[in-house]
Amino acid sequence: MLRDIEYRQVPAPCADCSQVPVMLTDGTMEERLQKVLSRMEEERIDTLVVYADLEHGNNFEYLTGFLPRFEEALLVLHADGQAFMVMGNENLNKVPSARIKATAIHAPYFSLPNQPMACEKGFVEILKEAGIGSGARIGIAGWKNFTSPYEDNAQLFDVPSYIVDRIRQLAGEDGTVFNATYLFIGEKGVRCRNNVNEIEHYEFGAALASDRMLAAMDRLDVGVSELELGGLLNACGQKNSVVTIAAAGKRFVKANLYPTDHKVELGEPISLTVGYKGGLSSRAGYAVERPDQLPEGIRDYVDVVVKPYFDAYTVWLEHAHCGMKGDELYQLIEAALPKADYHWSLCPGHLTADEEWMSSPIYGGSREVLESGMLFQIDIIPSVQGYGGTSAESTVALADSALQQEIRQQAPALWERIQARREYIQSQLGILLHPDILPLCSTVAYLRPLLLDKEKAMAIGRG
């Protein structure tokens, strides 16, 4: 049963990104390395081979501090802490600047087509240089932690076969080669929990995405082009974590994903999304000021789609907490927004970090625990036949009292921003945030479904 949810006058939140990126400290990078080595010891892994390319390199980046532009790359980490970085032509010179001490090995096989590949060594010999040998227990980490109930997930690899095949060749019959991405993501994954420095680092991107979303929503009007909206969403030369969406009307015309010169028309559905390292903001609604401007037959859009969605979103914010099982939160969302009626199919919330979607402990039957230091995207996607979508996807952190105290002491400016955001959500939107919820941007829960009315938003009733 829905609570008293209103569409009413609500002051907009303030843009509050610090505009100052926070770098990861040497201490944090050493902590990351020790966490991985500790998990390797627990899993009796002799050698961990971490694969990267530009789109699938975040586990590699977790230890090295960068993504390999243009090329593929490997980080080979041994149980004794010895590390090698196997790099192509254009990334070999990055090894001395990497955040992990490693020996550089040139592998032109990782380079772009028709670049010099005259190498006196075969790929097997290059891997031998990195210490990959027979009889070892070797884990390969790509980016995907497979969770199929029908496959041997340890033998599913998202890494090019020419790499996997040669590692298997070197391991020999006495060795073991398996997918070890679970060391980084999923239950007990080292990347799932963040310290204060990491939360500061990621908050910059989450808040930047939020601020640019506010700017785009404020500019949105009849006659404004998708290109202009897309230009407002992208900012500060930062790398996007997803394709930027600024779409008015029908999407994916001729398979196009990107903003065009199409100008917003009255009554069109609108989709806006931008993501940076640390967080994404997404909004969906209609380019109207009043319900009577909606297409005939869906003028009850706010009641039929938006209010149930906002109710579920509110349930998430009021109940998610440290120590909760993933299935418990999943069932709360299912009760508030039944999948049979609202046809959401993905996880109602997932972890985020350098990539937009890292993994999720929130799924049916999940025994995974929501832990202090986790960063979440509140990502619930309803789909009601005949109606456009609605979205207020934003980024929050979970933090117990100990982590909150550390943030207060080590990052007081961040703590002040978090407290201002909590005050806004509770006083202006009427949502009783759980104490463990730390908003990492100012627009958490701020939803304008009728996007030409810049004064109204969804809120819990005051009665």
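Above this text is the structure in question.
Bear in mind the structure is a predicted one, so any value in this text is a computation, not a measurement.

Rules behind the numbers
Residues numbered from 1 in each chain as written. Predicted model: local features only at pLDDT ≥ 70, side-chain atom pairs only at ≥ 80, totals over all residues. Heavy atoms only, no water. Axes fitted to C-alpha atoms, helices over the stretch in contact; angles between N-to-C directions. Helix = DSSP H or I, 4+ residues; strand = E, 2+ residues; numbered from the N terminus. Parallel < 35°, antiparallel > 145°, perpendicular 65-115°, else oblique. Left-handed = near helix turned anticlockwise from the far one by under 90°. Contact = heavy atoms within 4.5 Å. Nonpolar A, V, L, I, M, F, W, Y, C, P; charged D, E, K, R; others polar. Phe/Tyr/Trp six-rings, centres within 6.5 Å; stacked < 30°, edge-to-face > 60°. Buried < 20%, exposed > 50% of the residue type's maximum accessible area, 1.4 Å probe, protein only. Salt bridge = Lys/Arg side-chain N within 4 Å of Asp/Glu carboxyl O. Core = buried A, V, L, I, M, F, W, Y, C linked by side-chain atoms within 4.5 Å. Pairing = 2+ DSSP bridges. Patch = residues over 30% accessible without salt bridge, like charges linked within 9 Å, V, L, I, M, F, W, Y side chains within 5 Å. Areas by Shrake-Rupley, 256 points an atom, 1.4 Å probe, with all protein chains shown as cover. Polar contact = N/O pair within 3.5 Å; in protein donor to acceptor, adjacent residues only side chain to side chain.

### So, the packing of helix H5 (residues 196-219) against helix H6 (residues 226-233)
Contact pair H5 / H6: the axes reach a minimum separation of 8 Å and the direction vectors enclose 155 degrees. Relative to H6, H5 is oriented roughly antiparallel. Viewed along their axes, H5 and H6 form a crossing whose handedness is right-handed. Residues Arg212, Met213, Ala215, Ala216 and Arg219 of H5 touch H6, and the partners they reach there are Glu228, Leu229, Leu232 and Leu233. Counted by class, the contact of H5 with H6 contains 6 nonpolar, no polar and 3 charged residues.

### Regarding the packing of aromatic side chains
Tallied over the entire structure, the rule returns 10 aromatic pairs. Summarising the aromatic geometry, the rings of Tyr62 and Phe184 are spaced 6.3 Å apart at their centres and angled 90 degrees between planes, so their arrangement reads as edge-to-face. In this pair, Tyr62 is assigned in helix H2 (residues 58-64) and Phe184 in the loop between strand E7 (176-179) and H5, connecting sequence segments 122 residues apart. As far as the burial class goes, Tyr62 and Phe184 line up, both buried. Consider the rings of Tyr109 and Phe123, whose centres lie 5.8 Å apart with planes at 70 degrees: the pair is edge-to-face. Taken together, the residues span a long stretch of sequence, with Tyr109 in the loop between strand E5 (103-106) and helix H3 (123-129) and Phe123 in helix H3 at a distance of 14 residues. Grouping aromatic residues by their ring pairs yields a cluster made of Tyr109, Phe110, Phe123 and Tyr162.

### Examining the pattern of salt bridges
Here the structure, examined in full by the defined rule, presents 20 salt bridges. Between Asp16 and Arg421 there is a salt bridge whose closest N-O contact spans 2.7 Å. In this pair, Asp16 is assigned in the loop between strand E1 (5-9) and helix H1 (26-42) and Arg421 in helix H11 (residues 412-428), connecting sequence segments 405 residues apart. Of the two residues examined, Asp16 and Arg421, each falls in the buried class. Ionic pairing is found between Arg32 and Glu198, a salt bridge with its closest N-O pair at 2.7 Å. A residue pair is termed long-range when its members are at least 10 positions apart, and Arg32 in helix H1 and Glu198 in helix H5 qualify at 166 residues. The exposure classification of Arg32 matches that of Glu198, with both residues buried. Salt bridges here are not isolated pairs; linked through shared partners, they connect Glu61, Arg191, Lys277, Asp354 and Glu355.

### Looking at the nonpolar core
Ranked by size, the top nonpolar core spans 127 residues in total, and within it Met85, Phe184, Leu272, Trp316 and Leu317 carry the most contacts. It is H5 that contributes the most residues to this core, 12 residues altogether. In contact with Phe184, other than residues within four places in its own chain, are Val36, Leu48, Val50, Asn59, Tyr62, Leu63, Ala141, Gly189, Val190, Arg191 and Cys192. Ile105, Val124, Ile138 and Val159 belong to the second-largest nonpolar core, a separate cluster that totals 25 residues.

### So, the sheet that holds strand E11 (residues 350-351)
Strand order in the open sheet formed by 4 strands is E11-E12-E14-E15, and the pairing between neighbours is antiparallel. Two strands in the sheet have a free side with no partner beyond their single neighbour: E11 and strand E15 (437-439). Pairing between strand E14 (residues 395-398) and E15: 3 bridges, direction antiparallel. Directly across from Ala397, in E15, lies its bridge partner Leu438.

### Looking at a nonpolar patch on the surface
Taken together, the side chains of Val243, Phe252, Leu257 and Tyr258 present a nonpolar region at the surface, about 400 Å² in accessible area. Structurally, Val243 is set in the loop between H6 and strand E8 (245-248). Classification of Val243 by relative accessible area gives partly exposed; the value is 37%.

### Notes on the environment of Glu393
On the secondary structure map, Glu393 appears in strand E13 (residues 391-393). Relative accessible area serves as the criterion here: at 6%, Glu393 is assigned to the buried category. In this structure the side chain of Glu393 is engaged in a polar contact, spanning 3.1 Å, whose partner is the side chain of Gln377.

### A look at the sheet that holds E13
Spatially, 4 strands are ordered E8-E9-E10-E13 in an open sheet, and the strand pairing comes out antiparallel. Whereas interior strands pair on both sides, the edge strands pair on one side only; in this sheet they are E8 and E13. Adjacent strand axes in the sheet meet at a mean angle of 5 degrees, parallel and antiparallel pairs treated alike. Note that strand E9 (residues 269-276) and strand E10 (residues 279-286) share 8 bridges and pair antiparallel. Paired with Gly275 across the two strands is Leu280, which belongs to E10. Taken strand by strand, helix H7 (residues 301-319) contacts E10 and E13, and its axis lies near 20 degrees from that of E13.

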